[in-house]
Amino acid sequence: MRIFIISTGLVTSLVHAHAPSSAHVSTEITAAAAFTWRSGESLSRDEYWLPEGFLLGGEAMPYEKGATLDDFQLLASKNLNDAYFVRGKLSGHNHSGENTLEVENLWLGKSWQRQNQIWLIEVGKMATEVTETANFHSSDDDFSQAHLLSDFFFGRHFDDTGLRVTWQQGDSTVGIEVFSGENYPASRGEYSQSIYFKKNTYLLGAQLDLGLFAMISQAERRADERYSAHNHNNAEQQPDQVFFTGDSKIWGSYVALYYQINHWQFGLGGEMILLDNSGQVNQTTQSANIDSEQTGIRLTGKLGYHAHEVLFDYQKVAIENKFSKTSSSFLTSANLFNQGFEPERVRMSWLYHLNEHILLRSEWSREALTAAMAKQNHIGFGLRWRYTLYSAH
Amino acid sequence: MGNISRCSSLNTYVFALGVMCLLVACSPESSSELIIDQNETELRNLLNLPEHMPLPAVPEFNPISAEKIKLGRFLFYDKSLSANQTQSCNSCHFQSQAFADGAQTPVGSTGHALVRNSQGLSNVAFNATFTWANNGFLELEDQLNVPIRADDPIELGVTDSHLAEVLTRFDVDPNYQKMFAEAFPDSESGVTINKIIFALASFVRTLNSGQSAYDNYLNGDKNALTEQQKLGLKLFNGEKFECFHCHTGINFTVSYRDRNTTNLTYPFFNNGLYNLDDTGSYPESDQGLYDLTSKDMDKGLFRPPSLRNIALTAPYMHDGSLPTLRSVIEHYARGGTLTAAGENMGDGRLNPNKSALLNGFDATDEEIDALIAFLESLTDYNFIYNKKLSDPFKE
């Protein structure tokens, strides 16, 4: 049975301005970074993160113990005489002592205004706008660690080459996207298409953001690129790749409520995402037909006073798999049997806005990422920095 | 008014909190279900397949039936199938040796020496191709023509000149008349070579091994393997020995097909056994896939066999030239075999067609012992003693 619930909780990280992403683009350059020290790691470097029954991909890697550069971003935008704009992002991170830097986004866009409607067309390598959850960056988020929903549904970041058309009127936005399939859960050349609706309004004195979206992706022999393209793992033995061929349909909804009175801030957020996979999974020799329903929920609360904020966050993902035309030995060897394990994470965080550029973070999290893992507690301390290096205004 | 507004906002938050709690309470749970239909269960019973094994591909032109299997079993063990009535399929495929024969290379019914080692028949229903090196034999029915009808070398010797005589033997036997009629109820003709081959293929498809100690380990009995065997399993699948590159999956070979395989490949590899005069050649009597394609790059390419029951099917390689499992592992550890003198002189390690996967490795005696112990865990005693596969003439 399909579940489609519009939750009335909130997601604090969604309380951002939700105008069409690039309708009014100024010329500026911004840098952002996040550093965190963590007391422990969910998995050792000898292990692979293969939660039973799930097909992960993208950049969904477990976090490591010790101090790391979680994320670095250099964002630039240029308004070209209001005729069109260019935006780009250079991003990097540190993993197992290796530093990577890449052009994560580079795209062009043009907007038109007709009466009280804004139309926007964007083309290039860009992030999806269906939900902020699809684009986790530690230097953008209240938490240093990616959300389970980001990892399990979008491979942590969704960046792809494609086209987006957005319409906005008042506080409502509708967008349609087509991407070339470079990002999980699609595979290159197989395409993904999405549609979304957002509303940013006020309800009984509180700021209300809500969104609904749907995404369809196609994949042809999609591998788990976390452990095939580049491998930060120290394990002696690579897992036998599991390839997926088929369709992935994602539906999601989120709601965020935010209220400020004097120096107090209150926030509640919730998001629910459903993913249907239908197709075939195979290894070197054997295969199985798969029909699965993956469900993720995230609930967040925030209480703030002046420059201090305390956050609570709960996430859980579940999978219902149905296999046919296969054997139990294949399902076991491919790690596809899940008899009651749901990855889960609960965390609390204290944030202190040192100034307009620097945010200090203290975090505690408790999580179980595989069935074999006992629940683990970690603490982390870090900072998030954001600075506008140049602005035309 | 302000108080009313704040009160309304508070009510909104309380309501939202309540729905949050409800959402958490009703959050979904994970589960996995393997759907098996009645046809699969019946097929599994016919093919002697335990539940954890996949189902093999069965060609539409020769569907499986209990009657065909029964007929095929009799034919497999019946020396009447050879022209001079001195050999049967069983003459080179003994159940006690996982349907291999223990000889380096066998001799046919008329005394012709064959150049290739008799392969064990464990799980041949899952082969992607058949014989040691033929990329055109994609079904058992294709391959069965060779040992029955070929004249160079002669195996069972049912050549064109002897065909009618052999068919008549079965046509006039009342027991075989009944079995052929039951196996092919829609056919009005008597015994034909195609019916013999179809019945034999049906029986051979039931030669399935899946109850070894390794299978028990796979199914959750963590004590089914000794610590030494577990070490061997780890080495087998590790990045040093890398056996898994060619011998992986439920049947321990990449030359694999089951009824759900969509990305079918026909892999053949040169493993550096020979390199005559450093030209990449193998002995002229058998150059593998090259003998069919005449392409130099196919010299020395052979199909990787399944390793199921491998401890019972010595000697090894396509020509039976390696006598023991240890000699096989040492061959791969060297990265090939150096033949220092004689007609096959050459350094197989330098064969230009040798698979890039074979680079050699350092192995201690302890590691080799562990790997051998693991390979021995693939022996399935239920298979070699299964009465459903044994000689029906001795019942």
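Residues numbered from 1 in each chain as written. Chains lettered and ligands numbered in written order. Predicted model: local features only at pLDDT ≥ 70, side-chain atom pairs only at ≥ 80, totals over all residues. Heavy atoms only, no water.

Colleague: Give me the lowdown on the overall build of chain A, citing residues and values where you can.
Modeller: In terms of regular secondary structure, chain A is built from two helices and 16 strands. Counting the 393 residues in chain A, one finds 54% classified as buried. Accessible surface for chain A amounts to roughly 16,000 Å². Of this, 56% is attributable to carbon and sulfur atoms. (Helix = DSSP H or I, 4+ residues; strand = E, 2+ residues; numbered from the N terminus. Buried < 20%, exposed > 50% of the residue type's maximum accessible area, 1.4 Å probe, protein only. Areas by Shrake-Rupley, 256 points an atom, 1.4 Å probe, with all protein chains shown as cover.)

Colleague: Account for the overall build of chain B, naming residues and giving values.
Modeller: From N to C terminus, chain B includes 13 helices and three strands. In terms of C-alpha radius of gyration, chain B reaches 27 Å, well past the compact-globule figure of 21 Å for 395 residues. Its C-alpha atoms put chain B at 110 × 60 × 40 Å along the principal axes. Within chain B, buried positions represent 54% of all 395 residues. Within chain B, the 49 negative side-chain charges are centred at a point lying 4 Å from the centre of the 29 positive side-chain charges. (Rg over C-alpha atoms; globule rule 2.2 N^0.38 Å. Lys, Arg positive; Asp, Glu negative; His and termini not counted. Charge placed at Lys NZ, Arg CZ, Asp CG, Glu CD.)

Colleague: Provide a residue-level description of unusual backbone geometry, including the pertinent values.
Modeller: The residue after Tyr184 of chain A, namely Pro185 of chain A, is reached through a cis peptide bond having omega 5°. As for its position among the elements, Pro185 of chain A is in the loop between strand 7 (172–179) and strand 8 (192–203). Cis rather than trans, the peptide bond between Ala314 of chain B and Pro315 of chain B has omega equal to 0°. Positioned with a positive phi, Gln115 of chain A is a non-glycine residue whose angle comes to about 55°. With a phi angle near 60°, Ser294 of chain B is a residue other than glycine that sits in the positive phi range. The topology assignment puts Ser294 of chain B in the loop between helix 10 (290–293) and helix 11 (325–334).

Colleague: Explain the packing of helix 3 (residues 66–77) of chain B against helix 7 (residues 193–204) of chain B to me, and be specific about the residues and the numbers.
Modeller: Residue and element names in this part refer to chain B. Where helix 3 contacts helix 7, the axes come no closer than 7 Å and their chain directions differ by 100°. The angle between helix 3 and helix 7 falls in the class roughly perpendicular. Contacts from Lys68, Ile69, Leu71, Gly72, Arg73, Leu75, Phe76 and Tyr77 of helix 3 reach helix 7 at Ile196, Ala199, Leu200, Ser202, Phe203 and Val204. Here the residues of the contact of helix 3 with helix 7 sort into ten nonpolar, two polar and two charged. (Axes fitted to C-alpha atoms, helices over the stretch in contact; angles between N-to-C directions. Parallel < 35°, antiparallel > 145°, perpendicular 65-115°, else oblique. Contact = heavy atoms within 4.5 Å. Nonpolar A, V, L, I, M, F, W, Y, C, P; charged D, E, K, R; others polar.)

Colleague: Explain the pairing of strand 8 of chain A to me, using residue names and the numbers behind them.
Modeller: Residue and element names in this part refer to chain A. Where strand 7 and strand 8 come together, eight bridges link them in antiparallel fashion. Counterpart to Ile176 in the pairing with strand 8 is Ile195. Here twelve bridges tie strand 8 to strand 9 (residues 206–222), and the two strands are oriented antiparallel to one another. Within strand 9, the residue paired with Phe197 across the bridge is Leu212. Between the end of strand 8 and the start of strand 9, which pair antiparallel, lie two residues, with Leu204 showing a positive phi angle near 50°. (Pairing = 2+ DSSP bridges.)

Colleague: Describe the pattern of salt bridges, naming the residues involved and giving the relevant values.
Modeller: Residues and elements named next belong to chain A. All chains considered together, the criterion is met by 31 salt bridges over all chains. Here Glu344 and Lys375 are joined by a salt bridge, their closest N and O atoms 3.4 Å apart. On the criterion of sequence distance, the pair formed by Glu344 in strand 14 (residues 344–353) and Lys375 in the loop between strand 15 (358–368) and strand 16 (376–391) is long-range, its members being 31 residues apart. Overall, Glu344 belongs to the partly exposed group, its relative accessible area being 21%. Between Arg345 and Glu367 there is a salt bridge, with its nearest N and O atoms 2.6 Å apart. On the criterion of sequence distance, the pair formed by Arg345 in strand 14 and Glu367 in strand 15 is long-range, its members being 22 residues apart. Considered together, Arg345 and Glu367 belong to a single accessibility category, that of buried residues. Several salt bridges share partner residues, and in doing so they unite Asp142, Lys302, Glu309 and Arg384 into one network. (Salt bridge = Lys/Arg side-chain N within 4 Å of Asp/Glu carboxyl O.)

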